[in-house]
Amino acid sequence: GAVVSQHPSRVICKSGTSVKIECRSLDFQATTMFWYRQFPKQSLMLMATSNEGSKATYEQGVEKDKFLINHASLTLSTLTVTSAHPEDSSFYICSARDQQQYFGPGTRLTVT
Amino acid sequence: GEDVEQSLFLSVREGDSSVINCTYTDSSSTYLYWYKQEPGAGLQLLTYIFSNMDMKQDQRLTVLLNKKDKHLSLRIADTQTGDSAIYFCAERNSGNTPLVFGKGTRLSVIA
């Protein structure tokens, strides 16, 4: 199946700093990319949907100024967590869609 | 809004068949998916079925769709310890809409 990569796989940062997570579709062009957050033992929570070259659509309750999404090309989307706080610690998963939807391996963010 | 429901836990013995069930409410669902998530990993697309299909088989996996009852199932034949994971059912319609996920079924395989 199609491959989606995410980097970094794990990051620890200090409170108040910003962290960028990259998501790439390696062998296909993704018309749409999605960013999810997953809390322990829970399902995925959709944060935002982004189409290449246009602004992301954020789900209710997700702060767009805090979670900056840039979908610069058909194979790359980035999520920047700005001014991170401990409550932002979570597992972030990106997903890319062409005809079907494929997920990256996730990024474990820990804010100390 | 749309909703997807699945039982939270399933335990089977190694070598037996596992059947994971899912129900959904969106009558305009076009694509229905099963994803597998192992601890600390992302979601792996296992299989999917279009709403105009009743059944799809791929090696040890069989997906059955009852569109009238809005019921989807995933059968894993000859379940192995490596099949232990969380299995998510998801659906979407034909537009560019996000997937709607169930809460996931944790499959435990007993050796």
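Reading the values: the criteria
- Position numbers for residues start from 1 in each chain and track the written sequence from start to end.
- Note on labels: chains are lettered from A, ligands numbered from 1, in written order.
- Reporting of local features is limited, given that this is a predicted model, to residues whose pLDDT is at least 70; pairs of side-chain atoms are given and counted only at 80 or more, and all residues count toward the totals for whole chains, interfaces and linings.
- Water and hydrogen atoms play no part in the side-chain values, which are based on all heavy atoms of the structure.
- Accessibility here uses a 1.4 Å probe with only protein chains present; expressed as a share of the type maximum, an area under 20% marks a residue as buried, one over 50% as exposed, and anything in between as partly exposed.
- What counts as a helix is a DSSP run of H or I of at least four residues, what counts as a strand is a run of E of at least two, and both are numbered from the N terminus.
- Two strands qualify as a pair provided DSSP detects at least 2 bridges between them.
- The criterion used for residue contact is that any of the two residues' heavy atoms lie within 4.5 Å.
- Reported buried area values correspond to the accessible surface (1.4 Å probe) lost by two parts on association, with both partners' losses combined.
- A pair is scored as a salt bridge if a Lys or Arg side-chain nitrogen falls within 4 Å of a carboxyl oxygen belonging to Asp or Glu.
- Any N or O atom pair separated by 3.5 Å or less is treated as a polar contact, with the protein-specific requirement of one donor-capable and one acceptor-capable atom, and with residues adjacent in sequence counted only for side-chain atom pairs.
- Note on residue categories: nonpolar means Ala, Val, Leu, Ile, Met, Phe, Trp, Tyr, Cys or Pro, charged means Asp, Glu, Lys or Arg, and polar means any other residue, Gly included.
- Angular values range over 0 to 180 degrees, each being the angle between N-to-C directions of two axes fitted as lines to C-alpha atoms, with helices fitted over their stretch in contact.

Draft legend 1. Structural context of the pairing of strand S2 (residues 10-13) of chain A. Residues and elements named next belong to chain A. Side chains of S2 alternate between two faces, with Val 11 and Cys 13 buried and Arg 10 and Ile 12 left unburied. Bridge count for S2 against strand S11 (residues 107-111) is four bridges, and the pairing is parallel. When the bridges of S11 are listed, Cys 13 appears paired with Val 111.

Draft legend 2. Region of interest: the interface of chain B and chain A. Listed by partner, the interface residues are 22 residues for chain B and 21 residues for chain A. For the pair chain B and chain A, the summed buried surface comes to about 1,500 Å²; carbon and sulfur atoms form 51% of the total. At the boundary of chain B and chain A, one finds zero salt bridges. Between chain B and chain A we count seven residue pairs in polar contact (both at pLDDT 80 or more) in total. For the side of chain B that touches chain A, the elements supplying multiple residues, two or more each, are strand S4 (31-37), strand S5 (43-50) and strand S9 (85-92) of chain B. Looking at the side of chain B that touches chain A, its residues break down into 12 nonpolar, seven polar and three charged.

Draft legend 3. The arrangement of the sheet that holds strand S7 (residues 61-66) of chain B in detail. Residue and element names in this part refer to chain B. Strands sit in the order S1-S3-S8-S7-S6 across an open sheet of five strands; the sheet is antiparallel. Since the sheet does not close on itself, it has two edges, and those belong to strand S1 (4-6) and strand S6 (55-58), each with one partner. Between one strand axis and the next, the sheet turns by 15 degrees as a mean value, whatever way the strands run. Two strands pair when backbone bridges link them, and S6 and S7 are joined in this way by four bridges, in the antiparallel orientation. Bridging from a neighbouring strand, Gln 57 pairs with Thr 62 of S7.

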